[in-house]
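So the chains spell out like this:
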Amino acid sequence: MTYTETLNWMFSQLPMYQRQGKSAYKADLSNTVLLVNHLKKPHLDFKSVHVAGTNGKGSTSHMVASVLQEAGYRVGLYTSPHLKDFRERIKINGQVVSKQFVMGFIKRNKVFFETNQLSFFEMTVGMAFEYFSKQNVDIAVIEVGLGGRLDSTNVITPEVSVITNIGLDHTQFLGDTLEKIAGEKGGIIKPNVPVVIGESQVETQTVFEGLAEQNQTKISFADREVKTVLGSDLKGAYQLKNVKTATQTIKELNLNGYQISDSHLEKGLHNVIPNTGLLGRWQVLSENPKVVCDTGHNKEGLVHVMDQISKQVFDDLHIVFGVVNDKDLDSIIDLLPKGAIYYFCKPKISRGLPEQVLRDYFLAKGYFGKAYNSVNEAYRFALQNSSNKDFVFVGGSTFVVAEII
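Residues numbered from 1 in each chain as written. Predicted model: local features only at pLDDT ≥ 70, side-chain atom pairs only at ≥ 80, totals over all residues. Heavy atoms only, no water.

(A) Highlighting the packing of aromatic side chains. Across all of its chains, the model carries 22 aromatic pairs by this definition. Seen in terms of ring centroids, Phe86 and Phe120 are 5.9 Å apart; in terms of plane orientation they differ by 75°. Their pairing is edge-to-face. Here Phe86 is found in the loop between β2 (75–78) and β3 (90–92), whereas its partner Phe120 is found in helix α6 (residues 120–134), with 34 residues between them in sequence. Judged by its relative accessible area of 2%, Phe120 is buried. The interplanar angle of 70° and the centroid separation of 6.0 Å between the aromatic rings of Tyr361 and Phe362 together place this pair among those described as edge-to-face. Of the residues examined, Phe362 reaches a relative accessible area of 1% and is grouped as buried. Across from the ring centre of Tyr3, 5.7 Å away, lies the NZ or CZ of Arg87, which sits over that ring. (Phe/Tyr/Trp six-rings, centres within 6.5 Å; stacked < 30°, edge-to-face > 60°. Helix = DSSP H or I, 4+ residues; strand = E, 2+ residues; numbered from the N terminus. Buried < 20%, exposed > 50% of the residue type's maximum accessible area, 1.4 Å probe, protein only. Lys NZ or Arg CZ within 6 Å of the ring centre and 35° of its normal.)

(B) Region of interest: unusual backbone geometry. Note the cis peptide between Ser80 and Pro81, where omega equals -5°. Secondary-structure assignment places Pro81 in the loop between β2 and β3. Cis peptide bonds are those with omega within 30 degrees of zero, and the linkage from Asn288 to Pro289 qualifies with -5°. Counting through the fold element by element, Pro289 comes out in the loop between β9 (283–286) and β10 (290–293). Phi at Trp282 is positive, roughly 40°, even though this residue is not glycine. For Trp282, the position within the fold is in the loop between α13 (272–276) and β9.

(C) Spotlight on the environment of Cys293. With respect to the helices, strands and loops of the structure, Cys293 is situated in strand β10. Look at Cys293 and you get buried, because its relative accessible area is 0%. Residues Cys293 and Ala402 lie 109 residues apart in sequence; the distance between their C-alpha atoms is 9.6 Å. In this view, Cys293 contacts Gly280, Arg281, Trp282, Gln283, Leu285, Phe393, Val394, Val401, Ile404 and Ile405; residues no more than four positions away in its chain are not counted. (Contact = heavy atoms within 4.5 Å.)

(D) Local environment of the pairing of β10. Sheet topology places β9 next to β10; three bridges connect them, and they run antiparallel. Across the sheet, the residue bridging to Gln283 is Cys293, located in β10. Where β9 folds back onto β10 in an antiparallel hairpin, the turn is made up of three residues, including Asn288, whose phi is positive at roughly 55°. Relative to strand β14 (residues 391–395), β10 runs parallel, the two sharing four bridges. The residue of β14 that forms the bridge with Lys290 is Phe391. (Pairing = 2+ DSSP bridges.)

Without other data, these values stay purely geometric and don't point to any function.
In structure tokens:
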């Protein structure tokens, strides 16, 4: 199979949360254990940092990887989802995995995958682990896909476990209270592996402290421990929390024998985008009019993004907006400014919410806007209708952002 055929097979044959939603979520780790044993346990060949959380886990993972690169380490980085190309999920020192490796991995293991009905995510995790093993990385930053306890990545024993924060997202899998979700994400806490919590929250603190005690491990809360907040090239006030989490994670690695100086930390935080190739976080696409996209898509993520928009200076605000069909619109509608002009659209995936449905929901709540046939059409009209002093924001879903960058 060619690279495109390989990807098409991976996407179409197997359940994938991004495209299908709940039916792609598996409730145990038996497949992953089967897979890593089949691959001869590649996850035991490298050190790691494991990052979970409702929001900020992607940015934090990229920050930690960037700092480790500045300190001279060969760093694997596994994240999800991708925006433009599947290979963004698996990188070493900012370079994506080769098409040849992707094709070869699937070809070598296709019969095993089909026989055992492995999911897209399980296969991809196995691919990342084998790649990092074969490429002899010094350490890999592994981002959890969904939850923690039952996530396919949760077969590693890392140097540090990181949980950025807890919000009400993916409640159909993880539970409908912050405490229940904290229990799921806290499933990555391991015996004698220090755990860093990014944000202390009343509802979740006792859950994490209890899990740390059970596992006889040290717990620290970055928002209390880190007093000096360094700058970063990831803009947006909300990134300050992620900077604190990354900083505390580096501190724990240093306590574990790593050699990461203050200069490495500062350079790494200031060069996240060139070092790792991260896209879609308060990404400025143009000036005059200023156009920004951001992949924040749940309540906690959008709170920060909308706060950042409110601090901008502009005449009119244009918002290109689309969501997936299991999005709880009631939980986010009050965050979105009523004075904006909206351009409703459906991302090009089966889980996309039809643009007319989205428009009708917003209009019934007193908002103003029109529905468009595609993300690109909505974006084009937003630009056409904007003067140089206006502000255009594109978001609501990772998949909306993916279509315009």
